[in-house]
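# Architecture at a glance
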Number of protein chains: 2
Amino acid sequence: MVTLTDVVAALPETVPFVGPEAQERQRGRLFKARIGANENVFGPSPGAIRAMQDAVPSAWQYGDPESHDLREALAAHHDIDMNNLVVGEGIDGLLGYLCRLIVQPGTRVVTSAGAYPTFNYHVQASGGELIPVPYVDDHESPEDLVACAKRVGARLVYLANPDNPMGTWSSGATISSALSRLPSDCLLVLDEAYIDCAPRGAAPEIDTADTRLVRMRTFSKAYGMAGMRTGYAIGHTALIAAFNRVRNHFGMCRVSQAGALAALADQAYLAAVVTRIAAARDRITAIAAAAGLSTLPSAANFVAIDCGGDGALAQRVLSELLKRDIFVRMPFVAPQDRCIRISAGTDTLLDLFEAALPEALESAVAHNGKIQPEV
Amino acid sequence: MVTLTDVVAALPETVPFVGPEAQERQRGRLFKARIGANENVFGPSPGAIRAMQDAVPSAWQYGDPESHDLREALAAHHDIDMNNLVVGEGIDGLLGYLCRLIVQPGTRVVTSAGAYPTFNYHVQASGGELIPVPYVDDHESPEDLVACAKRVGARLVYLANPDNPMGTWSSGATISSALSRLPSDCLLVLDEAYIDCAPRGAAPEIDTADTRLVRMRTFSKAYGMAGMRTGYAIGHTALIAAFNRVRNHFGMCRVSQAGALAALADQAYLAAVVTRIAAARDRITAIAAAAGLSTLPSAANFVAIDCGGDGALAQRVLSELLKRDIFVRMPFVAPQDRCIRISAGTDTLLDLFEAALPEALESAVAHNGKIQPEV
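Each residue is numbered by its place in its chain's sequence as written, counting from 1. Chains carry letters from A onward and ligands carry numbers from 1 onward, assigned in written order. Side-chain atom pairs in this predicted model are given and counted only at pLDDT of 80 or more, local residue features only at pLDDT of at least 70, and totals for whole chains, interfaces and linings cover all residues. Side-chain metrics rest on all non-hydrogen atoms present in the structure, leaving aside hydrogens and water.

## Here we look at the interface of chain A and chain B
Listed per partner, the contact involves 83 residues of chain A and 83 residues of chain B. The term buried area denotes the loss of accessible surface (1.4 Å probe radius) that occurs when two parts are joined, taken as the sum for both partners. Taken together, the two surfaces of chain A and chain B that pack against each other cover about 7,200 Å², and 59% of this comes from carbon and sulfur. Summed over the three residues of chain A that lose the most area to chain B, namely Trp-60, Tyr-62 and Arg-245 of chain A, the buried surface amounts to 13% of that side. Salt bridges are counted wherever a side-chain nitrogen of Lys or Arg sits within 4 Å of a carboxyl oxygen of Asp or Glu. Summed over the shared surface of chain A and chain B, the number is eight salt bridges. Across the pair Asp-64 of chain A and Arg-25 of chain B runs a salt bridge, and its minimum N-O distance is 2.9 Å. Under this definition, polar contacts are N or O atom pairs within 3.5 Å; protein pairs additionally need one hydrogen-donor-capable and one acceptor-capable atom, and for neighbouring residues in sequence, both atoms have to be side-chain atoms. Linking chain A with chain B are 47 residue pairs in polar contact (both at pLDDT 80 or more), by the criterion used here. In this description a helix means any DSSP run of H or I spanning at least four residues, a strand means any run of E spanning at least two, and both kinds are numbered starting from the N terminus. Of all elements in the fold, only α1 (6-9), α2 (20-27), α3 (46-55), α4 (68-78), α5 (90-102), α6 (117-125), α9 (237-242) and α10 (254-265) of chain A reach the threshold of two or more residues within the side of chain A that touches chain B. The element best represented in the side of chain A that touches chain B is α5 of chain A, accounting for five residues. Considering only residue class, the side of chain A that touches chain B consists of 41 nonpolar, 23 polar and 19 charged. In what follows, residue pairs with any heavy atoms lying within 4.5 Å of each other are defined as contacts. Put simply, Ala, Val, Leu, Ile, Met, Phe, Trp, Tyr, Cys and Pro go in the nonpolar bin, Asp, Glu, Lys and Arg in the charged bin, and everything else, Gly too, in the polar bin.

Have a look at this one:
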């Protein structure tokens, strides 16, 4: 067979996340509550649904490779220039392009230990060297990330705010302050997938003149369009223009472009969904408390529940929930892996979760023997 | 600013094709006939349209990263194993992944001079060295491509069958024969985007045991779903598995997956569309003949019209057509650039083309002075 490149030959065949469908096929049974992938069960705005359905018959046409109309609307929404924006196939797609722009064998990249695995996947596929920084009190630490980047001569540093998988967040001021200490030859990629769910002040001011910052936003979370793969990056014009050297120019679905445009126009719906997400977070917190478990404060569309023991216990709680047809996920790295992560659900879905959690916890604790949940 | 990788720093910011929307924005006027991008104006099957519209409300869910159901159906359709198939974001997306798997700085890649620019774009973005082979009588030459690959020690060789932009084709037997002479450390990527429009015998037998061949198929052309970005690669299991090292696992639109599945199930509609495409090709040929121009035989969903002069004349004919709101494109490299390329259209669209061509030709010839079209 043809030889793979040196970088690719060294990589595992991998999947950053196994999809719920694959788990359902393996189990031979559907999940009753799909609240594990931080999808937005409240769905897209009715206007976006209509716009997408209306766009379907013209799916014989390629999407506009410039995503002009969507970029124009996004630029107006953020009060920036269109040339500070590139639209891509979700943040995942854009992170892949970003790594191809900046990461080559030997490039050092800093991220938090246990942060977004898909970012790590793309860094490794470009041959980069990942340098993990520990969480501090279940928060990604902008200060520590920047200090590490400076120390190791990193070119790229990743920060999700709010954080996934913990839901914790920093203030925009904290991030701006850390950014001010980032060397000029390093880029901070600020993944703001969940920012629409966060309290005011969590996002730094948008300064597109700073060549050290690129921010990623998406229609997958609060806008409820994960399946349409539409994200965008905001940054300095020079960096944004560079995406045109590697991106799949005709990669955007035409129907997604139409849907995102309509979703953006319906800010009232977005606000209503964000309110529902906040209520669902409160309910998850209450369900956990009723089962004797604590939760982390969250600015995202999910809540991390501390199972009160180690990773093995949380893993067992997770398994017991899966057995009861509740699809959830959990952090990968200790000590964050003491938690399970529950996405905001409708009342019906959270009813199912509420019914399953105490039993799942009891079984997990029984199996784990000596480890008891904190009460 | 952060330094770009060595490979990317050497690349231009580019767009393999300027979209018709960008041209419309520049002109300040819409096209009346969009018959330049080899889109399928006959559109997707009614069943596929319905399936996509029905899938829209569940667009809050990510697509299945394994595209399991679609791969299962495609495997049955082609009578191969699911593990010989990977689904991706159109052939463009898959070509990008393929280049990342195989091409690194110094890797030699063979293609025909004037063949698919997006393939070249991806090769260059991976740092590869492109070695072009001339067309022979307006055909890509499988024999010459393989001979060149052998001579220069290429790892990858590209062949589109039917060819884009000329519409010409080789028999499956010719391709198999050339493939049999390809060194074992080289891979032939056979781009069969237009194969559904081609006569029986144009596709070689599918032999997934051959590690030297990967074929690309798409729902963008005969299936009429260009805007949904759904293609697939067929090849040896080892090569197909390698895509999992670099691909965007959650990159597929959920609505596209549903649409492709329904489109595949409606083979009667596909056959009817292929018949309409063949009729449109005949009509384009007749329109050209009435204007005193010859055409190339085509097995694709478009026809190359020989404008009877050089590239400058064809370029002028193209410009004159654009002025008359007819969007068409043309080959980039001599001597194929003596042609313009017209996509199969509805009767209404081809009526517009029929009305515009003689005037466009007359103006072009008048401007070109001494060069006269062949009659």
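Now that the structure has been shown, we can carry on.
## Section: the relation of the copies chain A and chain B
Once turned by 180 degrees and shifted 0.0 Å along the axis, chain A lies on chain B with an RMSD of 0.0 Å. The superposition operator between the copies reduces to a two-fold rotation axis. Relative to the rotation axis, the C-alpha of Gln-53 of chain A is the closest in chain A, positioned 2.5 Å from it. Interface residue correspondence from chain A to chain B reaches 100%, placing this contact among same-surface, isologous pairings. C-alpha atoms of residues with pLDDT of at least 70 in both copies form the basis for the least-squares superposition of the copies.

## Thoughts on the packing of aromatic side chains
Stacked, edge-to-face and tilted are the three classes for Phe, Tyr and Trp ring pairs, Trp counted by its six-membered ring, which pair at centre distances within 6.5 Å; planes under 30 degrees apart are stacked, over 60 edge-to-face, the rest tilted. As enumerated under the stated definition, the model contains 16 aromatic pairs over all chains in all. Measuring from centroid to centroid gives 5.6 Å for Tyr-62 of chain A and Phe-250 of chain A, while their planes differ by 75 degrees, and the two rings are edge-to-face. Of the two residues, Tyr-62 of chain A is situated in the loop between α3 and α4 and Phe-250 of chain A in the loop between α9 and α10; the sequence distance between them amounts to 188 residues. When accessible area is computed with a 1.4 Å probe and restricted to protein chains, residues below 20% of their type maximum are described as buried, those above 50% as exposed, and intermediate ones as partly exposed. According to the relative accessible area criterion, Tyr-62 of chain A is buried, its value standing at 13%. Between Phe-17 of chain B and Phe-332 of chain B the ring centres are 6.0 Å apart and the planes differ by 40 degrees, which places this aromatic pair in the tilted class.

## Side note on the sheet that holds strand β10 (residues 302-306) of chain A
Residue and element names in this part refer to chain A. By the convention used here, strands pair only if DSSP detects at least 2 bridges between them. Spatially, three strands are ordered β9-β10-β12 in an open sheet, and the strand pairing comes out antiparallel. A single partner strand is all that each edge strand has here, and the edge strands are β9 (294-295) and β12 (339-343). Relative to β10, β9 is paired through two bridges, and the arrangement is antiparallel. In the strand pairing of β10, Thr-295 is matched with Ile-305. Axis definition: a line fitted to C-alpha atoms, over the contacting stretch in the case of helices. Angles run 0 to 180 degrees between N-to-C directions. Its contacts with the sheet put helix α11 (residues 267-290) on β9, β10 and β12, and the angle it makes with β10 is roughly 15 degrees.

## Points about helix α11 (residues 267-290) of chain B
Along an α-helix, a turn takes 3.6 residues, which lines up residues three or four apart on a common side. Residue and element names in this part refer to chain B. Working rule for helices: expected span equals 1.5 Å times residues minus one. Relative to the 34 Å expected for 24 residues at 1.5 Å per residue, α11 spans 35 Å between its end C-alpha atoms, a close match to the ideal helical length. Every buried residue belonging to α11 is among Leu-270, Val-273, Ile-277, Ala-280, Arg-281, Ile-284, Ile-287 and Ala-288, and all of these are buried. The positive-phi residue at the C-terminal boundary of α11 is Gly-292, with phi of around 85 degrees.

## Some words on unusual backbone geometry
Each neighbour pair has its own omega, and for Asn-164 of chain A with Pro-165 of chain A the value is 20 degrees, a cis peptide bond. Within the element layout of this structure, Pro-165 of chain A appears in the loop between β5 (156-160) and α8 (172-180). With omega at -5 degrees, the peptide bond leading from Asn-161 of chain B into Pro-162 of chain B counts as cis. Locating Pro-162 of chain B in the fold gives a position in the loop between β5 (156-160) and α8 (172-180). One non-glycine residue, Asp-138 of chain A, lies in positive phi territory at about 65 degrees. Summarising the element assignment, Asp-138 of chain A is placed in the loop between β4 (129-133) and α7 (142-152). Classification of Asp-138 of chain A as buried rests on a relative accessible area of 11%. Phi at Ser-67 of chain B is positive, roughly 40 degrees, even though this residue is not glycine.

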